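Summary of the model geometry
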Amino acid sequence: MEVKRSKAGLFLHQTKYSLDLLQKCNMVGSKPCSSPCTPGAKLSITDGEPVSNPTEYRSLVGALQYLTWSRPEIAYAVNRVCQFMHSPTTVHLSSAKRILRYIKGTLGHGILFTKGLSAISGYCDADWAGDPDTRRSTSGFCLFFSNNPISWSAKKQPTVSRSSTEDEYKCLVSTAVEVLWAVFTLMYTDSSGQLTCEVSCFDWFCLLIQAVLSVSDTALPMCFISFLFNKEFHFLISSK
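Quick look at the structure, then.

What counts and how
Residues numbered from 1 in each chain as written. Predicted model: local features only at pLDDT ≥ 70, side-chain atom pairs only at ≥ 80, totals over all residues. Heavy atoms only, no water. Helix = DSSP H or I, 4+ residues; strand = E, 2+ residues; numbered from the N terminus. Phe/Tyr/Trp six-rings, centres within 6.5 Å; stacked < 30°, edge-to-face > 60°. Buried < 20%, exposed > 50% of the residue type's maximum accessible area, 1.4 Å probe, protein only. Salt bridge = Lys/Arg side-chain N within 4 Å of Asp/Glu carboxyl O.

A negative phi angle characterises most non-glycine residues, just as the trans form characterises most peptide bonds. One non-glycine residue, Asn26, lies in positive phi territory at about 55°. Along the chain, Asn26 falls in the loop between α1 (15-24) and α2 (54-67). Backbone geometry at Ala129 places phi at a positive 55°, although glycine is not the residue there. Its place among the elements puts Ala129 in the loop between β4 (119-127) and β5 (138-145).

And the structure:
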């Protein structure tokens with residue numbers, strides 16, 4: 001990890017590590033691409049032919065995981081290729097190398113930490129049944145302290161969701177847990193007592209439920225809530 005201090009703030013980046021990884025994989029002269037993964041594309045365990053050297057694939061993907069420390073935008077793409085460490089194929093290797101090509105074109109990217117208000121905001125989303133092999137969803141979130149990203153993750157959900165609303169609520173719970181951790185941690189360093197927090201999601205049905213709950217916590221039939229996402233619902237209610 002490299003740190004550069006300036007009047008703008010504190011800039012964290014991994015440029016040297018990225019260059020070393022490109023050299024190790026013989027991709028210094030590769031053509032850069034504009035995104036770490038192909039939009040809308042799904043990876044399956046049955047795609048392609050088995051690679052001749054699985055250890056090379058595992059080494060590459062393991063190295064890419066360290067890059068997510070300063071590159072939140074590649075977290076989802078890296079999570080996808082991590083799903084096939086046990087039996088990688090040529091398609092999976094191509095996807096991992098695409099991430100390297102994206103890194104090649106964005107070597108100067110990193111995280112800039114600046115001064116700001118004592119406010120925590122979290123943003124989350126999930127791809128319902130996005131895994132073609134298991135139909136499990138992948139949750140993703142990013143937490144900001146003022147304008148500074150402080151925590152992010154992309155992770156496959158442990159169970160299959162029966163609706164997009166259910167998988168969004170699972171994602172909301174994961175984000176709420178992270179927000180609570182950040183709030184409790186910052187309470188020891190923020191003496192002003194003005195710390196605020198907010199979590200946002202983008203599922204229309206979740207927003208509808210939240211709108212109803214803003215009127216009354218008992219405005220929705222509890223049998224309906226229990227059928228869909230009992231634990232997730234009650235955790236979010238208790239965290240309000």
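Using the criterion set out here, one finds two aromatic pairs in the structure. Aromatic pair Tyr123 and Phe144: ring centres 6.0 Å apart, planes at 80°, arrangement edge-to-face. Placement of the pair is Tyr123 in strand β4 and Phe144 in strand β5, with a sequence separation of 21 residues. For Tyr123, a relative accessible area of 38% puts it in the partly exposed group.

With that settled, consider the pattern of salt bridges. Where side chains of opposite charge bring their charged atoms close, a pairing between them can arise. Taken as a whole and assessed by the stated rule, the structure comprises six salt bridges. Of the charged contacts in the structure, one is a salt bridge between Asp127 and Lys42, with a shortest N-O distance of 3.8 Å. Remark: Lys42 occurs in the loop between α1 and α2 and Asp127 occurs in strand β4; sequence separation between them is 85 residues. You can call Lys42 partly exposed: its relative accessible area is 44%. In this structure, the salt-bridge partner of Glu73 is Arg71, at a minimum N-O distance of 2.8 Å. Take Arg71: its relative accessible area is 2%, and that puts it in the buried class.

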